[in-house]
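# Structure assessment
For reference, the chains in residue letters:
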Amino acid sequence: MNETPDLPGAVRLRAGDALLVVDLQRDFLPGGALAVPDGDRVVPALNRYLERFEREGLLVVLTRDWHPTGHVSFNTRGGPWPPHCVAGTPGAEFAPGPRLPASAQICSKATQPDAEAYSGFEGTELAASLRQQGIKRLFVGGLATDYCVRTTVLDALREGFEVLLLVDAIRPVEVQPGDGARAEQAMLQAGARPIRFEQLAGPGT
Ligand code: VGL
Ligand code: ZN
């Protein structure tokens, strides 16, 4: 017997589940234009989930921040952020390291010059696309906890999806100390359920 028994509160993956990886892009990792502190720590964590979802034949969706040059969120235009994730540039590429399945679907967001869109659901076809593919439950991780993960999770819940927040695979920007913890609180309060990899039923990595 090398199978460990399921933990109480274990979550068993099933048809209708999808892994939603938020903005795992070079500019959000150490050395990038808008580096999230310890952002690279989510890579090995997400790899375990990516592998599991791929092995079980479940959908993986990757959102990406995909700004035009001169996006309204850039400090060059009076916005809060240094220019980052400009469409087609190296900084906007997916981070090296994560085992992104070839079958993963990509959702580009915040592509309009004059509108910020932190959430993967804002100004995209994501909700319709997930529904059309029969997705009911979303496992959400990535960067950053207090911006794009938070807004994506809150929108997912509003859209009627069940959300499991991968608390071992998210990291905050923390412009203000405590922003990460507050964002997690807000997501859980809105109905997201926290999960760690060890809680997934079945074999480990
Ligand atoms: C993000 C700030 C600006 C994020 C994107 O992915 O959380 N944060 N653009
Ligand atoms: Zn952005």
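Before reading further, recall that the structure is shown in the block above.
Since this is a predicted model, take the numbers as computed values, not measurements. (Residues numbered from 1 in each chain as written. Chains lettered and ligands numbered in written order. Predicted model: local features only at pLDDT ≥ 70, side-chain atom pairs only at ≥ 80, totals over all residues. Heavy atoms only, no water.)

## A closer look at the overall build of the protein chain
Across its full length, the protein chain holds 4 helices and 6 strands. Counting from the amino terminus, helix and strand elements in the protein chain follow one another as β-α-β-β-α-β-α-β-α-β. Against the globule reference of 17 Å for 205 residues, the protein chain gives a C-alpha radius of gyration of 16 Å, in line with a compact fold. Taking the principal axes of its C-alpha atoms as reference, the protein chain extends roughly 60 × 35 × 35 Å. For the protein chain, the residues scored as buried account for 50% of the 205 residues in total. Partitioning the intrachain contacts of the protein chain with sequence separation of at least 6 by distance along the chain shows that 77% fall at a separation of at least 24. On the protein chain, roughly 9400 Å² of surface is accessible, and the fraction owed to carbon and sulfur atoms is 51%. Taking the average place of the 20 positive charges on the side chains of the protein chain and the average place of its 25 negative ones, the gap between the two points comes to 4 Å. (Helix = DSSP H or I, 4+ residues; strand = E, 2+ residues; numbered from the N terminus. Rg over C-alpha atoms; globule rule 2.2 N^0.38 Å. Buried < 20%, exposed > 50% of the residue type's maximum accessible area, 1.4 Å probe, protein only. Contact = heavy atoms within 4.5 Å. Areas by Shrake-Rupley, 256 points an atom, 1.4 Å probe, with all protein chains shown as cover. Lys, Arg positive; Asp, Glu negative; His and termini not counted. Charge placed at Lys NZ, Arg CZ, Asp CG, Glu CD.)

## A closer look at helix α4 (residues 179–189)
Buried residues of α4: Asp-179, Gly-180, Ala-183 and Met-187, and no others. One side of α4 carries all its buried residues, which in axial view fall inside an arc of 100°. What points out from α4, more than 90 degrees from its buried face, is the exposed set Ala-181 and Gln-189. Looking at the packing, one finds that the buried side of α4 touches α3 (145–158) and β5 (162–171). Looking one or two residues past α4, Gly-191 carries a phi angle of roughly 120°, positive in sign. (Arc of directions from axis to C-beta.)

## With respect to the coordination of the zinc ion (ligand 2)
Protein-derived ligands of the zinc ion (ligand 2) are Asp-65 (OD), His-67 (NE2) and His-84 (NE2), with the metal-ligand distances lying across 2.0 to 2.2 Å. Around the zinc ion (ligand 2), the 4 donor atoms sit at angles spanning 87 to 172°, and that spread fits a shape best called irregular. Here the donor residues of the zinc ion (ligand 2) are spaced in sequence according to D-x1-H-x16-H. By relative accessible area, which is 4% here, Asp-65 ends up buried. (Donors = N, O, S within 2.8 Å, 3.2 Å for Na, K, Ca; no water. Tetrahedral: all angles 85-135°; square planar, octahedral: opposite > 155°, others 65-115°.)

## Comments concerning the sheet that holds β5
Spatial strand order, β3-β2-β1-β4-β5-β6: 6 strands in an open sheet with parallel pairing. Edge strands, defined here as strands with exactly one partner in the open sheet, are β3 (105–109) and β6 (193–195). Mean inter-strand twist for the sheet, computed between neighbouring axes without regard to direction, equals 25°. Packed onto the sheet, α3 meets β1 (17–22), β3, β4 (137–143) and β5 and runs at close to 170° relative to β5. The strands that α4 touches are β5 and β6; relative to β5, the one it contacts most, it runs at about 165°. (Pairing = 2+ DSSP bridges. Axes fitted to C-alpha atoms, helices over the stretch in contact; angles between N-to-C directions.)

## Things to note about the site of ligand 1
Around ligand 1, the structure places Asp-23, Phe-28, Leu-34, Asp-65, Trp-81, His-84, Tyr-118, Leu-143, Ala-144, Tyr-147 and Cys-148. In this structure, a nitrogen atom belonging to ligand 1 sits 3.1 Å away from a side-chain N or O atom of His-84. Relative to its unbound accessible surface of 260 Å², ligand 1 loses 100% to contact with the protein. When grouped by side-chain class, the residues that make up the shell around ligand 1 number 8 nonpolar, 1 polar and 2 charged. (Near = heavy atom within 4 Å. Polar contact = N/O pair within 3.5 Å; in protein donor to acceptor, adjacent residues only side chain to side chain. Nonpolar A, V, L, I, M, F, W, Y, C, P; charged D, E, K, R; others polar.)

## Quick word on the state of the cysteines
With the rule as written, the count across this model stands at 0 disulfides. Cys-148 provides the cysteine sulfur closest to Cys-107, a residue in no disulfide bond, and the two sulfurs are 11 Å apart. According to the relative accessible area criterion, Cys-107 is buried, its value standing at 8%. Residue class for Cys-148 comes out buried when judged on its relative accessible area of 5%. (Disulfide = S-S within 2.5 Å.)

Any functional reading would require information beyond the geometric quantities listed.
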